[in-house]
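Summary of structural features
Residue strings, one per chain:
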Amino acid sequence: MTESTSNGNTVIFLGPKGTYSHQAALQQFGHLEGMDFTPAKSIPACFDTLETDPSVSYAAVPLENSTNGQVVFCYDLLRDRMLDESCAVEGHRIIPQLEIIGEQYVAITHCLISPIEGVSLDSLASYKLVRVYSHPQVWGQVSKYMAQLKARCPETKFETIDSSSTSDAVLKAIERQQTEDSAAGDTLNLAIAGEVAAHLYNAFLVDTAINDRLGNTTRFLILKRVADKLSPAPPANVSNMHVNLLMFTLELDDPGSLVDVLTVLKEHKLNMSSISSRPYNGGQNGRKWQYIFYIEYDSDPAVNRMDAFYREINDKCVKWCLWGSFPRNQRYYQ
Ligand SMILES: O=C(O)C(=O)C[C@]1(C(=O)O)C=C[C@@H](O)C=C1
């Protein structure tokens, strides 16, 4: 792997500008001078661009939401990269091209947004059809609200339409309202997104803070290429503790093999903060329904010597990958 020519000032995120991912990128890098914030079309495009375009140095991608859990796109992109045969290997350790260098927590406060002025919750009942655009991850965060909206307007048909991001939802609603529907007047196109996106694209707030659970937060990862020797000053609100994301696979049909890995954490007094799994398919001759595990654990870089720990992990796993050991954001504790 060669060192890239990156100057370390471009960060990519799920666009267009105004998404929650954009907010995460600003939280991580907004304090640095001369940073360039570049929108991507999708979460996979953020990974692909960071891997292939030397002018891009970082990516900010959503990992999980406090109301509706894993952003599975992101889990599966990490899985597919780790299981890619072209990765470097040391023992059972897989070394992918990318690594995690930080985490950000963004408060999710969704709004109901209209492309036309003067729309109120009461006036929704006067439309025959209301289309609502948003990112698929959002529906599980506003399901009660959507049910209440429908109950409030029994004569109106509601359609929900997936968009590639919350900002894209605002742009789609504006575009659709301006084209086929404006003439008829009985159809309204709305979006669910953050307030920033509404202001950025000159749209109007119909309702604010519509999440089923207030305090809803999304956790984002900040990635860079392993080969780049970049160490941007971290934002002010990071703690001294590190969080480590390790992924691993186990021997099939081996009772206790997962417990054996978790016991290594216990013996090294490492506190595990999360565990999850995703299925993977063992390839042409491999068995389906195999699982890859994701664990996170805390470490104190000033105290914990991790070499012995990783030697034992290497013995217990078929494949393992340390995606990063990065400063714990203070907002995790709030
Ligand atoms: O669409 C956006 O604004 C995003 O940044 C994506 C995303 C996600 O995929 O989880 C981020 C935060 C919210 O939970 C909803 C959508």
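Residues numbered from 1 in each chain as written. Predicted model: local features only at pLDDT ≥ 70, side-chain atom pairs only at ≥ 80, totals over all residues. Heavy atoms only, no water.

Some remarks on the overall build of the chain
A tally of helices and strands in the chain yields nine helices and 17 strands. Its C-alpha radius of gyration of 22 Å places the chain within 12% of the 20 Å reference for a compact globule of 334 residues. Once the C-alpha set of the chain is aligned to its principal axes, its extents read approximately 70 × 50 × 40 Å. Split into buried and exposed, the 334 residues of the chain put 48% on the buried side. Accessible surface, the chain: about 15,800 Å² in total, of which carbon and sulfur atoms supply 50%. Averaging the coordinates of the 29 positive side-chain charges in the chain and doing the same for the 39 negative ones gives two points 3 Å apart. (Helix = DSSP H or I, 4+ residues; strand = E, 2+ residues; numbered from the N terminus. Rg over C-alpha atoms; globule rule 2.2 N^0.38 Å. Buried < 20%, exposed > 50% of the residue type's maximum accessible area, 1.4 Å probe, protein only. Areas by Shrake-Rupley, 256 points an atom, 1.4 Å probe, with all protein chains shown as cover. Lys, Arg positive; Asp, Glu negative; His and termini not counted. Charge placed at Lys NZ, Arg CZ, Asp CG, Glu CD.)

Here's the deal with the packing of aromatic side chains
Under the definition given, this model contains eight aromatic pairs. Between Tyr297 and Phe309 the ring centres are 5.3 Å apart and the planes differ by 65 degrees, which places this aromatic pair in the edge-to-face class. You can see Tyr297 sitting in strand β16 (residues 290-299) and its partner Phe309 sitting in helix α9 (residues 307-316), a full twelve residues away along the chain. Using a relative accessible area of 0% as the deciding quantity, one classes Phe309 as buried. Among the aromatic side chains, those forming a connected cluster through ring pairs are Tyr297, Phe309, Tyr310 and Trp320. Arg328 extends its terminal NZ or CZ atom over the ring of Tyr332, reaching a point 3.4 Å from the ring centre. (Phe/Tyr/Trp six-rings, centres within 6.5 Å; stacked < 30°, edge-to-face > 60°. Lys NZ or Arg CZ within 6 Å of the ring centre and 35° of its normal.)

Focus on the sheet that holds strand β12 (residues 204-207)
Across the sheet, five strands lie side by side as β10-β9-β11-β8-β12; this open sheet has mixed pairing. In this open sheet, the two edge strands, each paired with only one partner strand, are β10 (157-162) and β12. With strand direction ignored, the average angle separating the axes of adjacent strands in the sheet is 35 degrees. Pairing of strand β9 (residues 129-134) with β10 involves six bridges; the strand directions are parallel. Looking at β10, one finds that Val132 is bridged to Thr160. (Pairing = 2+ DSSP bridges. Axes fitted to C-alpha atoms, helices over the stretch in contact; angles between N-to-C directions.)

Let's talk about the nonpolar core
It is characteristic of soluble globular proteins that their nonpolar side chains tend to be buried jointly. In terms of nonpolar packing, the biggest core is built from 32 residues, with Phe47, Val61, Leu78 and Trp323 touching the most fellow members. Among the elements that take part in this core, helix α3 (residues 72-82) stands out by supplying five residues, more than any other. Ranked by size, the runner-up nonpolar core spans 20 residues in total, among them Leu112, Leu124, Val138 and Leu188. (Core = buried A, V, L, I, M, F, W, Y, C linked by side-chain atoms within 4.5 Å.)

Re the packing of helix α8 (residues 257-267) against α9
One way to put it is that α8 packs onto α9 with a least axis distance of 9 Å and a crossing angle of 170 degrees. The orientation of α8 relative to α9 falls into the category roughly antiparallel. Note on element contacts: α9 touches α8 through Phe309, Glu312, Ile313 and Lys316, opposite Asp260, Val261, Val264, Leu265 and Glu267. When its residues are assigned to classes, the contact of α8 with α9 shows five nonpolar, no polar and four charged. (Parallel < 35°, antiparallel > 145°, perpendicular 65-115°, else oblique. Contact = heavy atoms within 4.5 Å. Nonpolar A, V, L, I, M, F, W, Y, C, P; charged D, E, K, R; others polar.)

Comments concerning the pattern of salt bridges
When the charged atoms of two side chains lie near each other, side chains of opposite charge can form a pair. Taken as a whole, this structure holds 18 salt bridges when the rule is applied. The partner of Asp80 in a salt bridge is Arg79, and the shortest N-O contact between them spans 2.9 Å. Accessibility expressed as a relative area gives 41% for Asp80, which makes it partly exposed. The shortest N-O distance in the salt bridge between Arg152 and Asp122 comes to 2.8 Å. Of this pair, Arg152 sits in helix α5 (residues 143-152) while Asp122 sits in the loop between β8 (111-114) and β9, placing them 30 residues apart in sequence. Arg152 gets classed as partly exposed once you look at its relative accessible area, which sits at 44%. Of the residues examined, Asp122 reaches a relative accessible area of 61% and is grouped as exposed. (Salt bridge = Lys/Arg side-chain N within 4 Å of Asp/Glu carboxyl O.)

Comments concerning the domain arrangement of the chain
A common way to state how big an interface is: give the accessible area lost once the parts meet. Split by domain assignment, the chain resolves into domain 1 (10-107 + 217-227 + 237-333) and domain 2 (111-207). A straight line from the C-alpha centre of domain 1 to that of domain 2 covers 34 Å. In this assembly, 15 residues from domain 1 lie in contact with 16 residues from domain 2. Counting the surface lost from both domain 1 and domain 2, the interface buries some 1,100 Å², and carbon and sulfur atoms represent 54% of this. Per-residue buried area on domain 1 facing domain 2 is highest for Pro16, Tyr20 and Asn68; these three make up 37% of the total on that side. If you look at where domain 1 meets domain 2, you find zero salt bridges. Summed over the shared surface of domain 1 and domain 2, the result is eleven residue pairs in polar contact (both at pLDDT 80 or more). Looking at the side of domain 1 that touches domain 2 residue by residue, the classes come out as five nonpolar, eight polar and two charged. (Domains from an automatic or database assignment. Buried area = accessible area lost by both parts, 1.4 Å probe. Polar contact = N/O pair within 3.5 Å; in protein donor to acceptor, adjacent residues only side chain to side chain.)

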